[in-house]
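The primary structure of each chain is shown beneath.
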Amino acid sequence: MEHDVEVAPVNLAARVDDALSVQALAFGLTEEEIGIRRHIVLRHLLCPGAHALGATTPSGRLVGFVYGMPNDRTHWWSTVVEPYLRSNGSDDWLDDSFVITELHVHPAYQGRGIGRRLITTITDGAAQPRSILSAIDTESPARGLYRALGYQDLARQVLFPSAPKPYAVMGAPLPLLRGV
């Protein structure tokens, strides 16, 4: 049950392996990709304003997580997406935005509102007036959730080096929409 799962701040650096095991299942990562992402997550957590939440069961099992930070145009993600956003006049979204860096829920716990609780809780604590994120550019439950929360496509078919599939960059004013 979703109500058996608590969403609360988590020391993601201490639980990075638990988080990456969730991400690996949710996203289909190889062992090599997990190693690379481990380094990236730990580096991101050192950024000013980085914040993480976990979704844990009563036994303490991490079944979902989200982390993000105030966006910085000098970060790698911003440098990749900026030309796509600039081409359609929406690169101002890179300023004064809270970026959702990662959001993943264990497949056995998806569809229970946990992802919604994670993203709305973390953005409710953001000082910025809007949020941005990237998601694989396909119709998926994740993209449906983001749209329901008020995110709109800012750029599509965004190609990240070494990513096999194109992404969409999405943005939403904060606070995120609440609804059914």
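Residues numbered from 1 in each chain as written. Predicted model: local features only at pLDDT ≥ 70, side-chain atom pairs only at ≥ 80, totals over all residues. Heavy atoms only, no water.

*Asks:* Now, about the packing of aromatic side chains: what can you tell me, with residues and values included?
*Replies:* All chains considered together, the criterion is met by three aromatic pairs. Ring centres of W76 and F160 lie 5.7 Å apart, and the angle between their planes is 35 degrees; on these two criteria the pair is classed as tilted. Of this pair, W76 sits in helix α3 (residues 76–87) while F160 sits in the loop between β6 (152–158) and β7 (167–173), and the two are 84 residues apart along the sequence. The partly exposed category is assigned to W76, whose relative accessible area is 49%. (Phe/Tyr/Trp six-rings, centres within 6.5 Å; stacked < 30°, edge-to-face > 60°. Helix = DSSP H or I, 4+ residues; strand = E, 2+ residues; numbered from the N terminus. Buried < 20%, exposed > 50% of the residue type's maximum accessible area, 1.4 Å probe, protein only.)

*Asks:* Got a sec to walk through the side chain of N71? Specific residues and values, please.
*Replies:* Examined against the element boundaries, N71 turns out to sit in the loop between β3 (62–70) and α3. Side-chain polar atoms of N71 contact the side chain of S78, separated by 3.0 Å. Within the structure, N71 has its side chain in polar contact with the backbone oxygen of L94 (distance 2.9 Å). Apart from the residues within four sequence positions on either side, N71 is in contact with W77, S78, L94, S97, F98, V99 and I132. (Polar contact = N/O pair within 3.5 Å; in protein donor to acceptor, adjacent residues only side chain to side chain. Contact = heavy atoms within 4.5 Å.)

*Asks:* I'd like to hear about the environment of Q128, residue by residue, with values.
*Replies:* One can find Q128 in the loop between α4 (114–124) and β5 (130–136). Here the alpha-carbon distance between Q128 and D95, two residues 33 residues apart in the chain, equals 9.2 Å. For Q128, the residues in contact, after removing those within four places along its chain, are P70, D96, S97, F98 and L174.

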